[in-house]
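Each chain, written out:
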Amino acid sequence: MSIIAVANLKGGVGKSTISQNLAVSIWHGGKTVCIIDTDTEQRSTLEWSERRNGNGLEPIAVFLVNEDNLATKANEAADDFDVVIIDGSPALSEITTKIVLIADFVVVPVMPSGNDFGALEKFLLRYNDTRAIQKRRGIETAGLGILLNEYDSKAIVNRTIYQAIDRLEVPVLESRVAHRVAYKEANLTGLGVTEMQDKKAIAEIEALTNEVLELLEQVSA
Ligand SMILES: Nc1ncnc2c1ncn2[C@@H]1O[C@H](COP(=O)(O)OP(=O)(O)O)[C@@H](O)[C@H]1O
Ligand SMILES: [Mg+2]
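Not measured: the values here are computed from a predicted model. All residue numbers refer to positions counted from 1 along the written sequence of the respective chain. Whichever chain is written first is A, and whichever ligand is written first is 1; the rest continue in order. Since the coordinates come from a predicted model, pLDDT governs what is reported: local features require at least 70, and pairs of side-chain atoms require 80 or more to be given and counted, while whole-chain, interface and lining totals use all residues. Heavy atoms from the whole structure form the basis of all side-chain values; hydrogens and water molecules are not counted.

### Structural notes on the site of ligand 1
Taken together, 16 residues surround ligand 1, and among them Gly12, Lys15, Ser16, Thr17 and Ala178 come closest. A 3.5 Å cut-off defines polar contacts: any pair of N or O atoms within that distance qualifies, except that in protein one atom must be a possible hydrogen donor and the other a possible acceptor, and neighbouring residues in sequence count only when both atoms are side-chain atoms. For ligand 1, an oxygen atom lies 2.9 Å from a polar atom in the side chain of Lys15. One nitrogen or oxygen atom from the side chain of Glu150 is found 3.4 Å from a nitrogen atom belonging to ligand 1. Note that accessible areas follow from Shrake-Rupley with a 1.4 Å probe, and for residues the cover is restricted to the protein chains shown. A total of 560 Å² of accessible area belongs to ligand 1 in isolation, and the protein chains cover 83% of it. One heavy atom within 4 Å of a molecule or strand is enough for the residue carrying it to be called near that molecule or strand.

Here you go:
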């Protein structure tokens, strides 16, 4: 079993979108998968799964947790599923530390705006601080990769943020996700884009899935 977290301290950067699409794509690849939704305010992945069930699609289990039962639920789920995806919460609270401690790999979606950058820096501080304790105890540290969401290299305003991310010297995933209507439609209908028609979106999510699963293998090797 493996636990992938999709986390950042900013809301609206695509944590739920990426969690849902990774789950569908991993499931189609033949592994059993569930999502743990930690955003008790938005519950967007829980609601996505309800729309999925309502539309008669093959169900993907989603569990809503708070910071008190996240680790317990993740442990249980790890026994029952090949891959557990934790859809992160934007709260800078205990839950963020727990997510970092529990995950084998953390995908950090970032959207190109200065506002998100501050949240990213705070998240990375929390990540490094949490990991420092584990390193001292000789526990393997989880991998982390920044995911450039709504990626658009042509927009000049975005270059500053991409350069700033480079300067952080934190791994950036090779796979990127562009702004596409398919992601919004998938969310509204309970689908993953790999179950839809947009070939570019499908290619993006398949590439992301392969990259994350490969990195997971390296972490657990
Ligand atoms: N690559 C994308 N293309 C188009 N819309 C996107 C993309 N990523 C996220 N969105 C949209 O942005 C909004 C916020 O995304 P969401 O996944 O809910 O963020 P978070 O979970 O981080 O709060 C949603 O309406 C979602 O459909
Ligand atoms: Mg969300």
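The structure having been displayed, the exposition proceeds.
### Considering the packing of helix H1 (residues 15–28) against helix H2 (residues 44–54)
Following both chains from N to C, one finds H1 and H2 inclined at 45°, their axes separated by 9 Å at the closest point. When the axis of H1 is compared with that of H2, the two are oblique. The two elements H1 and H2 cross, and the hand of that crossing is right-handed. Of the residues in H2, those in contact with Ser16, Gln20 and Val24 of H1 are Ser44, Thr45, Trp48 and Arg52. The convention used is that axes are lines fitted to C-alpha atoms, helices contributing only their stretch in contact, and that angles between N-to-C directions extend from 0 to 180 degrees. In DSSP terms, a helix is any run of H or I states spanning at least four residues, a strand is any run of E spanning at least two, and both are numbered starting from the N terminus. Oblique is the label for any angle not covered by the other classes, which are roughly parallel (under 35 degrees), roughly antiparallel (over 145) and roughly perpendicular (65 to 115). In this scheme the handedness of a crossing depends on how the near helix is turned from the far one: anticlockwise by less than a right angle means left-handed, clockwise means right-handed. Whether two residues are in contact is decided by their heavy atoms, any of which lying within 4.5 Å being enough.

### So, the pattern of salt bridges
Any carboxyl oxygen of Asp or Glu that lies within 4 Å of a side-chain nitrogen of Lys or Arg is treated as forming a salt bridge with it. If you walk through the whole model with that rule in mind, you get 3 salt bridges. For the salt bridge of Glu195 with Arg52, the shortest nitrogen-to-oxygen distance reads 2.9 Å. On the criterion of sequence distance, the pair formed by Glu195 in the loop between helix H7 (181–189) and helix H8 (199–220) and Arg52 in helix H2 is long-range, its members being 143 residues apart. Only protein chains enter the accessibility calculation, which uses a 1.4 Å probe. A residue is then buried if its area is under 20% of the maximum for its type, exposed if over 50%, and partly exposed in between. On the basis of relative accessible area, Arg52 is assigned to the buried category, the value being 0%. Salt-bridge contacts for Glu204 lead to Arg180; the nearest nitrogen and oxygen are separated by 2.6 Å. Residue Glu204 is located in helix H8, and its partner Arg180 is located in the loop between helix H6 (156–167) and H7; the two are separated by 24 residues in the primary sequence. Just as Glu204 is buried, Arg180 falls in that class too.

### Overview of H1
Multiplying 1.5 Å by the residue count of a helix minus one yields the expected span of that helix. The terminal C-alpha atoms of H1, which comprises 14 residues, lie 20 Å apart, in line with the 20 Å expected from a rise of 1.5 Å per residue. Burial of H1 is extensive: 11 of the 14 residues sit out of reach of the surface. The complete set of buried residues in H1 reads Lys15, Ser16, Ile18, Ser19, Gln20, Asn21, Leu22, Ala23, Val24, Ser25 and Ile26.

### Re the sheet that holds strand S2 (residues 33–37)
DSSP calls a pair of strands paired once it identifies at least 2 bridges connecting them. Strand order in the open sheet formed by 6 strands is S3-S2-S4-S1-S5-S6, and the pairing between neighbours is parallel. Only two strands of the sheet have a single partner each, and these edge strands are strand S3 (61–64) and strand S6 (143–148). Averaged over all neighbouring strand pairs, the angle between strand axes comes to 20°, with direction disregarded. Bridge count between S2 and strand S4 (residues 83–87): 5 bridges; the pairing is parallel. Residue pairing for S4: Cys34 is matched across the bridge by Val84. Contacting S2, S3 and S4, H2 crosses the sheet at an angle of about 135° to S2. The sheet contacts of helix H3 (residues 70–80) involve strand S1 (2–6), S2, S3 and S4, and relative to S2 the element is tilted by about 175°.

### Points about the layout of surface pockets
Roughly 470 Å³ of internal volume is contained in the largest pocket. Only protein atoms enter the 1 Å grid used here, on which a cavity is any set of points holding a 1.4 Å probe that cannot leave and a pocket is any open set flanked by protein within 12 Å on both sides along at least five of seven lines; residues with an atom within 4 Å of a point are listed as lining. Taken together, 25 residues make up the lining of the largest pocket; nearest its centre are Gly12, Val13, Gly14, Thr17 and Met111. Mapped onto the lining of the largest pocket, the elements with two or more residues apiece are H1 and H7. Grid points are joined across faces, edges and corners, and a volume is the space filled by probe spheres set on the points. One number sums up the size of the second largest pocket: a volume of about 200 Å³. The wall of the second largest pocket is formed by Glu121, Leu124, Tyr127, Asn128, Arg131, Ala132, Lys135, Thr141, Leu144, Leu168, Val170 and Pro171. A total of 7 residues in the lining of the second largest pocket trace back to one element, the largest contributor, which is helix H5 (residues 114–136). Classification used: nonpolar for Ala, Val, Leu, Ile, Met, Phe, Trp, Tyr, Cys and Pro, charged for Asp, Glu, Lys and Arg, polar for all others including Gly. Split by residue class, the lining of the second largest pocket holds 7 nonpolar, 2 polar and 3 charged.

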